[in-house]
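Structural description and commentary
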Amino acid sequence: MDAFEAIKATFFQECDELLAELESKLMLLEQGQTDLETINAVFRAVHSVKGGAGAFGLEALVRFAHVFETLMDELRGGRKPCDAVTIKTLLRASDVLADHIQAAQGLAPPVDEERSAGLVQELELLTHGGEAPPAVEEEEEDDFGFTPMAFDAPLDDPALAVEAPAADAAPAGQPGWRIVFKPHGRMYGSANEAGLLLREVGRLGPITVSVDEAALPTLDVLVAEDGYLTWTIDLVADVDEKAVREVFDFVEADCDLTITPLGGAPALVFEEEPPAVLPASDELDIAALLAKAAAGAAPETPAAAPAPAPAPQSVAPQSVAPEPAAPAPVAAQVSAPEPAPAPAAAPIPPAQVATPVAPAPVTIRVDLDRVDRLINVVGELVIQQAMLSQRVLESGLARSSGIALGMEDLELLTREIQDSVMAIRAQPVKSVFQRMPRLVREVADMVSKQVRLVTSGEDTEVDKTVVERLAEPITHMLRNAIDHGLETPEERIAAGKPAEGTVRLAALHRSGRIVIEIADDGRGINRERVKKIAVDKGLIAADAALTDEQIDNLIFLPGFSTAAVVSDISGRGVGMDVVRRSIQALGGRISISSVPGKGSTFTLSLPLTLAVLDGMVVTAADQTLIAPLPAIVESLTPQESDLHYVGGLDPVIRFRDRFLPLIDVALTMGFRETPMVPSEGVAVVVETEGGQQAALLFDAIQGQRQVVIKSLETNYRQVEGVAAATILGDGRVALILDVDVLVTDMRRKSPRSDFKLAS
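Everything quoted here is computed from the prediction, not taken from an experiment.

A tally of helices and strands in the protein yields 22 helices and 25 strands. For the protein, the computed accessible surface area is about 38800 Å², with 54% contributed by carbon and sulfur atoms.

Right, let's get into the sheet that holds strand β14 (residues 612-620). Backbone-to-backbone hydrogen bonds pair the strands of a sheet. The strands run either parallel or antiparallel. An order of β22-β14-β15-β24-β23 is seen for the five strands of this open sheet, with the pairing classed as mixed. Each of the sheet's edge strands pairs with one partner strand only, and the pair in question is β22 (700-708) and β23 (722-727). On average, each strand axis in the sheet is tilted by 35° relative to the strand beside it, whichever way the strands run. Across the sheet, helix α10 (residues 368-394) lies against β22 and β23, angled at about 150° from β22, the strand it touches most.

What the five strands build is an open sheet, ordered β8-β10-β11-β13-β12; its pairing is mixed. The outermost strands of the open sheet, each flanked by one partner alone, are β8 (451-456) and β12 (589-595). Strand-to-strand twist in this sheet, taken as the mean axis angle between neighbours without regard to direction, amounts to 15°. Sheet analysis places strand β10 (residues 501-510) next to strand β11 (residues 513-520), joined by eight bridges and oriented antiparallel.

All right, on to helix α7 (residues 194-202) then. Side chains that are three or four residues apart share a direction in an α-helix, a result of its 3.6 residues per turn. For α7, the buried fraction is high: nine of the nine residues fall into the buried class. Residues Ala194, Gly195, Leu196, Leu197, Leu198, Arg199, Glu200, Val201 and Gly202 constitute the buried set of α7.

Strand direction decides the pairing type here: β23 and strand β24 (residues 733-737), joined by five bridges, are antiparallel. The residue of β24 that forms the bridge with Val722 is Leu737. Connecting the antiparallel pair β23 and β24 is a turn made up of five residues, with Gly731 showing a positive phi of about 90°.

At Ser448, a residue that is not glycine, the phi angle is positive and equals roughly 55°. By secondary structure assignment, the location of Ser448 is in the loop between α13 (436-446) and β8. Look at Ala621: it is not a glycine, yet its phi comes out positive at around 60°.

Assignment of secondary structure puts Glu200 in helix α7. Here Arg79 takes part through its side chain, which lies 3.5 Å from a polar atom of the side chain of Glu200. Excluding residues that lie within four positions of it along the chain, Glu200 makes contacts with Asp73, Arg79 and Val247.

What follows concerns the packing of aromatic side chains. Here the distance between the centres and the angle between the planes together describe a pair of aromatic rings. One pass over the structure, following the stated rule, counts three aromatic pairs. On the numbers, 5.2 Å between centres and 50° between planes, the contact of Phe11 with Phe12 is tilted. Using a relative accessible area of 6% as the deciding quantity, one classes Phe11 as buried. Ring plane angle 55° and centroid distance 5.1 Å describe the contact between Phe181 and Phe248, whose orientation is recorded as tilted. Here Phe181 is found in strand β1 (residues 177-183), whereas its partner Phe248 is found in the loop between α8 (241-247) and β4 (255-261), with 67 residues between them in sequence. Like Phe181, the residue Phe248 is buried in the burial classification. Cluster of aromatic residues (ring-pair linked, three or more members): Phe11, Phe12 and Phe56.

This brings us to the confidence of the model for the protein. Scored by pLDDT, the protein has a mean of 75; 75% of the residues are at 70 or more. In this model, residues 131-172 is a region of pLDDT below 50 whose contacts with residues beyond four sequence positions or in other chains number 78 contacts. For the stretch residues 748-759, pLDDT sits under 50, and the model shows 18 contacts to residues farther than four places along the chain or on other chains.

Packing of helix α4 (residues 84-105) against helix α5 (residues 113-127) brings their axes to within 10 Å, and their N-to-C directions diverge by 140°. Here α4 lies oblique to α5, going by the angle between them. As α4 packs across α5, the resulting crossing turns out to be left-handed. Between α4 and α5, the contacting residues are Thr86, Thr89, Leu90, Arg92, Ala93, Asp95, Val96, Asp99 and His100 on the first element and Arg115, Ser116, Leu119, Glu122, Leu123 and Leu126 on the second. Of the residues in the contact of α4 with α5, the class split is six nonpolar, four polar and five charged.

A separate point is the environment of Val120. By secondary structure assignment, the location of Val120 is in helix α5. Remark: the alpha-carbon pair of Val120 and Val67, spanning 53 residues in sequence, is separated by 6.6 Å. Residues in contact with Val120, not counting those within four places in the same chain, are Phe64 and Val67.

A contiguous nonpolar patch, built from Leu381, Leu413 and Ile417 and spanning about 220 Å² of accessible area, is present on the exposed surface. Assignment of secondary structure puts Ile417 in helix α11 (residues 402-425). With a relative accessible area of 32%, Ile417 lands in the partly exposed category.

One way to put it is that helix α3 (residues 59-76) packs onto α5 with a least axis distance of 9 Å and a crossing angle of 25°. On the basis of the axis angle, α3 is roughly parallel to α5. The way α3 lies across α5 gives a crossing that is left-handed. Note on element contacts: α5 touches α3 through Ser116, Leu119, Val120, Leu123, Glu124, Leu126 and Thr127, opposite Phe64, Val67, Phe68, Thr70, Leu71 and Glu74.

Within the largest apolar cluster, 45 residues are counted, with the highest numbers of intra-cluster contacts made by Ile474, Leu478 and Ile516. Excluding anything up to four places from it in sequence, Leu478 contacts Met436, Leu439, Val440, Leu453, Val503 and Ile518. Formed by 40 residues, the second largest nonpolar core is a distinct cluster that contains Leu75, Leu91, Ala98 and Val120.

Let us look at helix α2 (residues 36-55). The first and last C-alpha atoms of α2 sit 28 Å apart over 20 residues, in line with the 28 Å expected at 1.5 Å per residue. Among the 20 residues that make up α2, 14 are buried, leaving the element largely enclosed by the rest of the structure. Between the side-chain oxygen of the N-cap and the backbone nitrogen of Glu37 there are 3.2 Å, and the N-cap of α2 in question is Asp35. Gly57 sits one or two residues past α2 and shows a positive phi near 70°.

So, on to the pattern of salt bridges. Tallied over the entire structure, the rule returns 29 salt bridges. Glu69 serves as the salt-bridge partner of Lys50, at 2.9 Å between the closest nitrogen and oxygen. Of this pair, Lys50 sits in helix α2 while Glu69 is found in helix α3, placing the two residues 19 residues apart along the sequence. Each member of the pair, Lys50 as well as Glu69, carries the same accessibility label: buried. One salt bridge connects Arg245 with Glu241, and the closest N-O pair in it is separated by 2.9 Å. Of this pair, Arg245 and Glu241 both sit in helix α8, four residues apart, which is roughly one turn of the helix. Relative accessible area serves as the criterion here: at 12%, Arg245 is assigned to the buried category.

Procedures and definitions
Residues numbered from 1 in each chain as written. Predicted model: local features only at pLDDT ≥ 70, side-chain atom pairs only at ≥ 80, totals over all residues. Heavy atoms only, no water. Helix = DSSP H or I, 4+ residues; strand = E, 2+ residues; numbered from the N terminus. Areas by Shrake-Rupley, 256 points an atom, 1.4 Å probe, with all protein chains shown as cover. Pairing = 2+ DSSP bridges. Axes fitted to C-alpha atoms, helices over the stretch in contact; angles between N-to-C directions. Contact = heavy atoms within 4.5 Å. Buried < 20%, exposed > 50% of the residue type's maximum accessible area, 1.4 Å probe, protein only. Polar contact = N/O pair within 3.5 Å; in protein donor to acceptor, adjacent residues only side chain to side chain. Phe/Tyr/Trp six-rings, centres within 6.5 Å; stacked < 30°, edge-to-face > 60°. pLDDT = per-residue confidence, 0-100. Parallel < 35°, antiparallel > 145°, perpendicular 65-115°, else oblique. Left-handed = near helix turned anticlockwise from the far one by under 90°. Nonpolar A, V, L, I, M, F, W, Y, C, P; charged D, E, K, R; others polar. Patch = residues over 30% accessible without salt bridge, like charges linked within 9 Å, V, L, I, M, F, W, Y side chains within 5 Å. Salt bridge = Lys/Arg side-chain N within 4 Å of Asp/Glu carboxyl O. Core = buried A, V, L, I, M, F, W, Y, C linked by side-chain atoms within 4.5 Å. Expected span 1.5 Å × (residues − 1).

Written out as C-alpha cells, the structure reads:
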C-alpha cells in the first residue's frame, strides 16, 4: 500500500469513529438534549468528514456533507430551531452520509442519486427557511466549500507584481469594523476552521480580507498544529460589535482577536480591475490566501512605497460572477500600510471563558493482525511456561530451590503479560450498541410502531473478536422484539400500556462472562400458538408434553416463524436459529424468560475472551479435563450421609439445606460404563448462567491453571458437553467442559432432582 492509500485508509477509520459520534449525539438531540454543546459536536463530526473527503477528491461525499454542515451551522448559530422535524431529517441525513462513506470505500454500491438529491433538497429547505436555496455556480470547490481562484503563474512569479496606487483610507464615519484575527493551534485542534469564520463575517455585509504570513516559519521548523497566520477583515456594514463578536464566540478563547471601528483600512488592488469587495452572499477565496501563505513567498514591496519590514499581504477576494465566463488571472499585490495601533481586546465575559478540558488519552493505531500475532505468541508462552513448570515438578526439586522459585516468578510474569495483552484487545460494546438506534428507528417506521430503545452498560469491555460478532445476533433479536414482541400503539393503549413500546439493550459482567440482555415490554410469547405452529410444521409431535421453557425454545428451531406474512423484517423462517448458532459459535448460550402480556427477555451469555481461561484441572476416569473457574461455587468430598437417590436411580447430594443433582462426569461423557462410588471422588458444585446449581463428580482435583483456549469445533468437530480444548504442560490435549450443557441435560433427564429439603 502506497503512502496515499495508507492515509486514505486512516481517514476511513476516522470516519467510522466520527459516524459513531454523530449517531450518539443525534440520539441525544432526539431525546430533547438540544444544548449548544451537542449541536456543536454534530457539526464538528460532519465538518471533519467533509474536510477529509475533500482532500481525497470524494466529490459526492463532499457535496452532501456540505449541505448537512450548512444546516448544522444554522442550528448552532441559533438562526434555525432544532425542532422535531429538523432532528428527524438530520437522522436520515446521517444514514445517507454513512452510505456515501461506504460507497467511497468501495464497500457498497453508489448511493441512489434520487434518494440523496431528495434529502439534499430537504436539508436546503430547512436551511433557507422553506425558500428555494440560492443558485450557485457549478464550479469546483475546495474542502471548505469555497470556490478557488485560478492562477496562471506561480505565486512568486515577479510578473505578478504591479505598481499600486496609494491606499486610500476609508471615509471617516463609515459604518463597519476592522477585525484582526490570529488563531492559535488549539483552535484547529477543536475542529474549527478560519475559513468558516471568515465566511460567517461575510454574511454580515461586504468584506475585504488580507492575510499576514510574516510569522510563518520555514518548513524545517514548521509545526503543522500551530497557528501562524493573522487575518485582517474589513467589514463594511451597519452592525453592532456584539453581532461581530458572536461569530467568534466559540473560538475567542483560542485566538487573538481585536475588533475596532473601521477607518484607515488598506485598499485592495486588482490588476486591470478596480478595487472590489465581497457581497455578503458570495464565497471567500480562502484557498488562494492559504496557498500564498503556504508557498512561503517573500513579500514584495512596490518601488513607490518602500517598507522597512515585511508587511501583510493583501489579496483581493474573488467575487462569484453571474456570467459564465472564466475568471481572469488574479494578481497578488503587496502593500505596506501603516497599521493603526490596535486597542486592547475587550474582556471576555465570564460566560465565554472556556472550561479547561482534561487532556485526551494518547493512543496509537495498530493493525489488528499484529495484535492477533502477539496474542498467539503469548498463548504459546503460557503453554511453554506450563510445560516448564511440569518438568520442574517431575524432577523432584524442592519448592525452595532457586529453579522452583524462579519458575514461580516466571508464572506470575507470564500471567501479567497475558492479562496486559488481553487488555489491548478489550473494547467496550458501545461500538455495537451505537449501531442499534438507527436499526430500531428504521424497523419501527416499517411496522408503524412507536419504539424507544434504552441502552445500558455500553462501557462493558469484552474481547474485540466477541464484539465484532455480536452485531448480527443482536440485530436479529431487536428486529424480532419490535416485529413480534411489541404490540401496535392501538393494541397497547387497549391493554392499558403507553402507546410507545420500550426495548432495553443491556450489557453486564457476571461470573467472569459477559451477559447481553434484550428485553421488551410487549405481549410476551404466546405458547399455545408457538406449539401449534411447531406441530403444523412437523417440528414436534402433536402429543409432545413440553414445559413452558421447552415451548419457548421452539422458536430457535430452523424454519420456525410466527409471522403470518413474509416481509422485509421477518417471516422467512431464518433469524432465531441463526442467533443461537452464532452465540454457540462464540462459546456462549441463549436463554428466554417470558411473561404473557408483559414482555420477554432474551439473555446471551458469552465468554469475555476467546483466548484464555482460568480453570480447575480435574480428572475423570483416565481423562484430564478443565472446569471453568467462574462457574465453580465450591468443592467438597461427598459423605455417605449426604447422598440420596431419587427413584432409587438418580443420585443427589445435600448442599446447604438443598439437594443438588450429582453428575458423574466420566459416566455422562462415556469415559467409563459403570458409575463410581461418590464417596471415593470429589464433588465440585457449579452454577449455570441461569442460576441452576449441580454437583459434578470427578476422581480428583489437580489444581488451578490458566489455559489457552483452542477451538475443538474448528480442529475436530463439536462435542456435546465440551466447550473447547487446551494444551497441558505435558503436551497432552485436555477438554474444557461446557458446564451449562452438562447441568441442563442432566436436569432435563431428571427434573425432580432439585428440591427444597423438608424440615
